[in-house]
Amino acid sequence: MKPDTKNKIKRLFYENKGYLRARDLSEKGIHRKYLSDLLNNDEVIKLKRGLYKWNNEKFNSLNELVDVAMIIPDGVICLASALSYYELTTYTPLEYQVAIPNQKKVKNVSYPPINLYYFSEKYYQEGIKEEKIDEYNIKIYDIEKSLSDSFRYSYEIPKDILIESLKVYISRSDRNINKLMNYASGTSAESKLTKYLEVLL
């Protein structure tokens, strides 16, 4: 690979904050085969088919949530991953929990570890917000939706994590119990949250 070609590709990665899709190269008239050369030389990291990240300290130090957002653009950080992000729990999930619309098809990736949850349109759309991490935008459910969904999936999240998260949430000055219960209304989370809130409030 000629130095000029490599510099052009590197500049494209930097212009895209460290990430590049194979089709982006094609659109610039640069052959995709050069990505294989860079991959073999450990100069780029393949996140999934067609998506690459420039391999250096600047971009490797990014929060892994950014990688998750790039790998699954329609994904929304949810459940225990969201509780951890909002610092409602000291528990750090071993995998990133991500909600996607139930009609979407997403191929599994080996790294970072991601567990997909297929939400119906109603549950997927409600409560999505964007948070800025390292100058990148990621989709995550707001704190009340995250808590309500976690109680809805209580068969997957240990009880002590749910109670810890609810206690921390209640202690916050910006808590909004009505909003929390509106999300829970009509779901399996409603009776569970009501039971604990009667004791904790």
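Residues numbered from 1 in each chain as written. Predicted model: local features only at pLDDT ≥ 70, side-chain atom pairs only at ≥ 80, totals over all residues. Heavy atoms only, no water.

**Q** How should I be thinking about helix α11 (residues 189–200) in this particular structure?
**A** In this model, α11 (twelve residues) spans 16 Å end to end at C-alpha, consistent with the 16 Å of a helix rising 1.5 Å per residue. Of the residues making up α11, those classed as buried are Ala189, Leu193, Tyr196 and Leu197. Within α11, the buried residues cover an arc of 105° as seen down the axis, which keeps them to one side. Within α11, the exposed residues directed more than 90 degrees away from the buried face are Ser191, Glu198 and Val199. Where the residues of α11 are buried, they touch α8 (143–152), α9 (159–171) and α10 (177–184). (Helix = DSSP H or I, 4+ residues; strand = E, 2+ residues; numbered from the N terminus. Expected span 1.5 Å × (residues − 1). Buried < 20%, exposed > 50% of the residue type's maximum accessible area, 1.4 Å probe, protein only. Arc of directions from axis to C-beta. Contact = heavy atoms within 4.5 Å.)

**Q** Honestly, the packing of α8 against α9 in this entry has me stumped. Any pointers?
**A** Axes are the key here: two packed helices are described by the angle between their axes and the distance separating the axes. Their axes nearest at 10 Å, the elements α8 and α9 cross at an angle of 155°. Comparing the axis directions of α8 and α9 gives the class roughly antiparallel. For the pair α8 and α9, the crossing hand works out as left-handed. Of the residues in α9, those touching α8 at Ile143, Glu144, Leu147, Ser150 and Phe151 are Leu162, Ser165, Leu166 and Tyr169. Within the contact of α8 with α9, the residues separate by chemical class into six nonpolar, two polar and one charged. (Axes fitted to C-alpha atoms, helices over the stretch in contact; angles between N-to-C directions. Parallel < 35°, antiparallel > 145°, perpendicular 65-115°, else oblique. Left-handed = near helix turned anticlockwise from the far one by under 90°. Nonpolar A, V, L, I, M, F, W, Y, C, P; charged D, E, K, R; others polar.)

**Q** Any chance you could explain unusual backbone geometry here in plain terms?
**A** Both trends apply: most residues other than glycine have a negative phi, and most peptide bonds are in trans. Its identity is not glycine, yet Lys17 carries a phi of approximately 60°, on the positive side. Structurally, Lys17 is set in the loop between α1 (3–15) and β1 (19–21). Unlike most non-glycine residues, Leu79 shows phi in positive territory, near 50°. Here Leu79 lies in helix α6 (residues 79–85). Its relative accessible area of 1% is what places Leu79 among the buried residues.

**Q** It is not clear to me how the packing of aromatic side chains should be interpreted in this structure. Could you clarify?
**A** The description of an aromatic ring pair rests on the distance of the ring centres and on the angle between the ring planes. Tallied over the entire structure, the rule returns eight aromatic pairs. Pairing Tyr19 with Tyr136 gives two aromatic rings, centres 5.8 Å apart and planes at 85°, and the pair type is edge-to-face. A residue pair is termed long-range when its members are at least 10 positions apart, and Tyr19 in strand β1 and Tyr136 in strand β8 (residues 136–141) qualify at 117 residues. When the ring of Tyr153 is compared with that of Tyr155, the centres are 5.7 Å apart and the planes differ by 35°; the resulting orientation is tilted. Connected via pairs of aromatic rings, a cluster forms that spans Tyr117, Phe119, Tyr141, Tyr153 and Tyr155. In this structure, Lys17 packs its charged tip against the face of Tyr136, placed 5.4 Å from the ring centre. If you follow Lys145 out to its NZ or CZ, it ends over the ring of Tyr141, 3.9 Å from the centre. (Phe/Tyr/Trp six-rings, centres within 6.5 Å; stacked < 30°, edge-to-face > 60°. Lys NZ or Arg CZ within 6 Å of the ring centre and 35° of its normal.)

Such coordinate-based values are descriptive only and should not be taken to indicate function.
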